[in-house]
Amino acid sequence: MLLSITRICQDRTLEGAVWFAALLNFKHIYVYVAPAYFVYLLRTYCFTASNQDGGVRWRSFSIIRFLALGVLVIAVCALSFGPFILMDQLPQVLSRLFPFKRGLCHAYWAPNFWALYNVADKTVTLAGLKLGLLPADFATKQAAMTGGLVQEFQHAALPSVPPIATFVLTGVTMLPALLHLWRYPGGPKGFIRCLTLCAFSSFIFGWHVHEKAILLMIIPLSLLAVQSFKDAQVFLILSTVGHFSLFPLLFTAAETPIKVALMIAYTSFTFVAMETCHRSLIVSYSLPHFPLLNPVETLYIVGLVPLFLYCEVVHYALGLSQKLAFLPLLLMSVYCSVGVLYSWLCLYWNTLKRGGVNKNKQE
């Protein structure tokens, strides 16, 4: 991914397209960011000129460049899928690439919109049962999503979510970023920002999202963070919350000191590095705060500490590990989803509010 982005930033477009095609065939999760590649390459490589107002000059479309891109991408895909086509195994491959029968959420909910939706459904159900607004047999439906299993389930109180709904939401929330990239390509920086927003939309609204997909936003956003003060603010929140949200994947006691030490070391370095990059633009507040962040954002980051202590120590000390086994995962997912959604909205706002022009480093 980084090699592909680098080649595009170096104006070696065809190489960047080949590396992305190879990446996509190695791991299909990168289809999340494919729309950003398609729009940017079409707009800046296939159309060779723009109008004075920045709009595309339609007559500048180069069929030769378009065919060159298409041939290279198809060639990579042919090398990847060719053996499966020859052995008549393509349907089996496609069925495994798109697991629509595995349910809306993974066993540990990714910190996205659906985590909040699941909790809202659970809250409405429990409140309705408590107040006698729902029939007693309604309770039989309410534990399916908190069983910690990969399975299909139906929401109890709120409408259940079909795959097509997640597909539409993902596409709709990507669209402003893609249209903005088409209107204001903004060079490689605009491309990376759109790529990150596409990854955000897919992570937040996608079907059966894995928690580790958070890295698809953190990695490209780090490239923007060293150049832009506002992007650095978003990066600090996202990287801290995103890496913290991966803690449940390392769940044994022996791994706890390692993951905590790595988290502290990496997070400390990122805050120091971002402060060094953007020291002249840091705003002072009357209340205590971390570098680049405001007091509210700082309080949210600090809240990760008591959350970790409860999930790792207090929950088990209270003897709740059997009765409420899924509660630590639920709390972790819901708390982190707030930070992820906040980061997404901030990045979108920073991208759209100034059009395609970044007048200074702060923008």
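It should be emphasised that the depicted structure is a prediction, and the values quoted were computed from it without experimental measurement.

Cut-offs and rules
Residues numbered from 1 in each chain as written. Predicted model: local features only at pLDDT ≥ 70, side-chain atom pairs only at ≥ 80, totals over all residues. Heavy atoms only, no water. 1 Å grid on protein atoms, 1.4 Å probe; cavity = no way out; pocket = protein on both sides within 12 Å on 5 of 7 lines; lining within 4 Å. Points joined across faces, edges and corners; volume = space filled by probe spheres on them. Nonpolar A, V, L, I, M, F, W, Y, C, P; charged D, E, K, R; others polar. Core = buried A, V, L, I, M, F, W, Y, C linked by side-chain atoms within 4.5 Å. Buried < 20%, exposed > 50% of the residue type's maximum accessible area, 1.4 Å probe, protein only. Helix = DSSP H or I, 4+ residues; strand = E, 2+ residues; numbered from the N terminus. Contact = heavy atoms within 4.5 Å. Polar contact = N/O pair within 3.5 Å; in protein donor to acceptor, adjacent residues only side chain to side chain. Patch = residues over 30% accessible without salt bridge, like charges linked within 9 Å, V, L, I, M, F, W, Y side chains within 5 Å. Areas by Shrake-Rupley, 256 points an atom, 1.4 Å probe, with all protein chains shown as cover. Salt bridge = Lys/Arg side-chain N within 4 Å of Asp/Glu carboxyl O. Expected span 1.5 Å × (residues − 1). Bend = angle between axes of the 7 residues up to and from the residue.

S.K.: Now, about empty space enclosed by the protein: what can you tell me, with residues and values included?
M.R.: A full pass over the atoms with the stated rule returns 2 cavities of 30 Å³ or more. Taken together, Leu 104, Cys 105, Ala 110, Asn 112, Trp 114, Gly 206 and Val 209 form the lining of the second largest cavity. Grouping the constituent residues of the lining of the second largest cavity by class yields 5 nonpolar, 2 polar and no charged.

S.K.: I'd like a rundown of the nonpolar core, residues and numbers included.
M.R.: Core analysis: the biggest nonpolar cluster contains 78 residues, and Phe 203, Phe 244 and Val 340 have the highest contact counts within it. Here the element with the most residues in this core is helix 8 (residues 187-205); it accounts for 11 residues. Once residues lying within four places of it in the same chain are set aside, the contact partners of Phe 244 are Met 263, Leu 304, Leu 307, Phe 308, Met 332 and Cys 336. In this structure, Trp 109, Trp 114, Val 161 and Val 334 belong to the second largest nonpolar core, which totals 11 residues.

S.K.: Got a sec to walk through the side chain of Ser 239? Specific residues and values, please.
M.R.: Position of Ser 239 among the secondary structure elements: in helix 10 (residues 229-244). The class for Ser 239 is buried, based on a relative accessible area of 2%. Within the structure, the side chain of Ser 239 is placed 3.5 Å from the backbone oxygen of Leu 236, a separation counted as a polar contact. For Ser 239, the residues in contact, after removing those within four places along its chain, are Ile 218 and Tyr 266.

S.K.: Break down the environment of Tyr 184 for me, citing the residues and quoting the values.
M.R.: As for its placement among the helices and strands, Tyr 184 is situated in the loop between helix 7 (163-183) and helix 8. A residue is classified by how much of its surface remains accessible, and Tyr 184, at 35% relative accessible area, is partly exposed. Each C-alpha atom, one on Tyr 184 and one on Leu 23, is 26 Å from the other, the two residues being 161 residues apart in sequence.

S.K.: Hey, could you go over a nonpolar patch on the surface for me, with residue numbers and the actual values?
M.R.: The grouping of Phe 61, Ile 63, Ile 64, Phe 66 and Leu 67 at the surface amounts to a nonpolar patch, some 490 Å² of accessible area in total. Assignment of secondary structure puts Phe 66 in helix 4 (residues 63-86).

S.K.: How would you summarise the pattern of salt bridges if you had to cite specific residues and measurements?
M.R.: One pass over the structure, following the stated rule, counts 4 salt bridges. Two residues, Glu 15 and Arg 7, come together in a salt bridge whose shortest N-O distance is 3.1 Å. The shortest N-O distance in the salt bridge between Glu 312 and Lys 259 comes to 3.4 Å. Of this pair, Glu 312 sits in helix 13 (residues 304-317) while Lys 259 sits in helix 11 (residues 256-277), and the two are 53 residues apart along the sequence. You can call Glu 312 partly exposed: its relative accessible area is 28%. Here the salt bridges share partners, and the residues they tie into one network are Arg 7, Arg 12 and Glu 15.

S.K.: Mind laying out helix 13, listing which residues take part and the relevant values?
M.R.: An ideal rise of 1.5 Å per residue puts 20 Å on 14 residues; helix 13 measures up with 19 Å between its terminal C-alpha atoms. Along helix 13, the helix axis deviates most sharply at Tyr 310, where the bend reaches about 45°.

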